[in-house]
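Residue strings, one per chain:
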Amino acid sequence: MGRSDKKFCSDACRNAYNNKLNSDSNNFVRNINNTLRKNRRILEEACKEDDKGKISKSALLREGFDFAYFTSTRTTQKGATYVFVYEYGYLPLENEQYLVVKDRKIPS
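Participant: What is the right way to look at the pairing of strand β5 (residues 97-102) in this model?
Facilitator: Here is the key point about a regular strand: its side chains alternate between the two faces of the sheet. With respect to burial, β5 is a largely interior element, 5 of its 6 residues being buried. As paired elements, strand β1 (residues 52-56) and β5 share 5 bridges and run antiparallel to each other. Bridged to Lys54 within β5 is Leu99. The pairing of strand β4 (residues 88-92) with β5 spans 5 bridges and is classified as antiparallel. Paired with Tyr88 across the two strands is Lys102, which belongs to β5. The hairpin formed by β4 and β5 contains 4 residues between the paired strands, and Asn95 there has a positive phi angle of roughly 55 degrees.

Participant: Sorry, what's going on with unusual backbone geometry here?
Facilitator: It is generally the case that most residues other than glycine have a negative phi and that most peptide bonds are trans. Positive phi values are uncommon outside glycine, yet Tyr86 reaches one of about 55 degrees. Relative to the assigned elements, Tyr86 resides in the loop between β3 (81-85) and β4. In the Ramachandran plot, Glu96 falls in the positive-phi region, its phi being about 55 degrees despite a non-glycine side chain. Tracing the backbone shows Glu96 in the loop between β4 and β5.

Rules used throughout
Starting afresh in each chain, residues are numbered from 1 along the sequence in its written order. Only residues with pLDDT of 70 or above have their local features reported here, since the model is predicted, and side-chain atom pairs are shown and tallied only from 80 upward, although totals for entire chains, interfaces and linings are computed over all residues. Where side-chain values are given, they derive from all heavy atoms of the structure, hydrogens and water being excluded. Buried residues are those whose accessible area, probed at 1.4 Å on protein chains only, stays under 20% of the maximum for their type, while exposed residues exceed 50% and partly exposed ones sit between those limits. Numbering goes from the N terminus for both helices and strands, where a helix is a DSSP run of H or I of at least four residues and a strand is a run of E of at least two. Strand pairing follows a simple DSSP-based rule, namely that at least 2 bridges must link the two strands.

Scope: geometric values only; no functional claims are made or implied.
Structure representation (structure tokens):
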């Protein structure tokens, strides 16, 4: 029986309607989150020893790193600006090299 003012014939119909309604925005967010997760994984791999490491720009790009996606930036007292993907940050160095650090290892 059910309510006389119900909008959907069943829970499955209601779920299908809401999933379709939200799918475009969900895909947008999902794609961004996937890119951020991939960037984080690449930085994590580069940061094996003592929570820091170095990697070349070409190696980052070869792994699929997307420099357009990051979660924050942080500038040290000395003026160096680290770009972060969650807890992993990178700092451009000379010769297209990057210093990669885990959050707690940033010099002040």
